[in-house]
Amino acid sequence: MNGGPWAGAQELATRGSYNVLIGDSVFYRPDEESFESSHSTFLRSFSKGFFWEVLKVLSPPPVLTVKWRHWGVFDGTYKGFAPTGALIEMFGMSVATVGDDMKLLEVEHFYDPNHFLGQLTGGCPVAHGDNHTEG
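Residues numbered from 1 in each chain as written. Predicted model: local features only at pLDDT ≥ 70, side-chain atom pairs only at ≥ 80, totals over all residues. Heavy atoms only, no water.

1. Here we look at the confidence of the model for the protein chain
One rule of thumb: low pLDDT means the predicted coordinates there are not for detailed reading.
So, step 1. Residue-level pLDDT values for the protein chain average 89, and 91% of them are 70 or greater.
So, step 2. Counting interchain partners and residues more than four positions distant, the pLDDT-below-50 stretch residues 128–135 has 16 contacts. (pLDDT = per-residue confidence, 0-100. Contact = heavy atoms within 4.5 Å.)

2. Brief notes about the layout of surface pockets
So, step 1. If you add up the space inside the largest pocket, you get close to 520 Å³.
So, step 2. The greatest single-element share of the lining of the largest pocket, amounting to seven residues, is contributed by strand β4 (residues 104–111).
So, step 3. Residue composition of the lining of the largest pocket, grouped by class: twelve nonpolar, six polar and four charged.
So, step 4. Estimates place the volume of the second largest pocket at around 260 Å³.
So, step 5. The wall of the second largest pocket is formed by S17, Y18, L21, I22, F50, W52, W68, H70, M90, H109, Y111 and F116.
So, step 6. Of all elements in the fold, only α2 (17–22), β2 (63–73) and β4 reach the threshold of two or more residues within the lining of the second largest pocket.
So, step 7. Sort the elements by how many residues they give to the lining of the second largest pocket and α2 lands first, with four residues.
So, step 8. Here the lining of the second largest pocket is built from residues that sort into nine nonpolar, three polar and no charged. (1 Å grid on protein atoms, 1.4 Å probe; cavity = no way out; pocket = protein on both sides within 12 Å on 5 of 7 lines; lining within 4 Å. Points joined across faces, edges and corners; volume = space filled by probe spheres on them. Helix = DSSP H or I, 4+ residues; strand = E, 2+ residues; numbered from the N terminus. Nonpolar A, V, L, I, M, F, W, Y, C, P; charged D, E, K, R; others polar.)

Following this line, the structure appears as structure tokens:
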């Protein structure tokens, strides 16, 4: 993600995709989350789903470049922050290399996880500490 260290399929399966793909930030600490707890956090925050869609394909195989959107309605708590019912969107780009059989060989993602997580916390978990709910 964002030119950082590579993670293989086994690491994603062991640590959890949220923990690997979000990384460490003021809004999220992957070292405090297990695979299960990270998925539970986001399933609770987006109970109706957190969808991913390709908006535009910018280059053809074998090296695909795509612009995408990940989105859902913030209808559950996020780490003590009350749901707002707002549409939360995250935009990014990915560069994927595929083989002759069109199976994914590797992929790089580029996006701002802090912008995404800031939408769940009102921008700053410290400055907005009074917006927390219990649980």
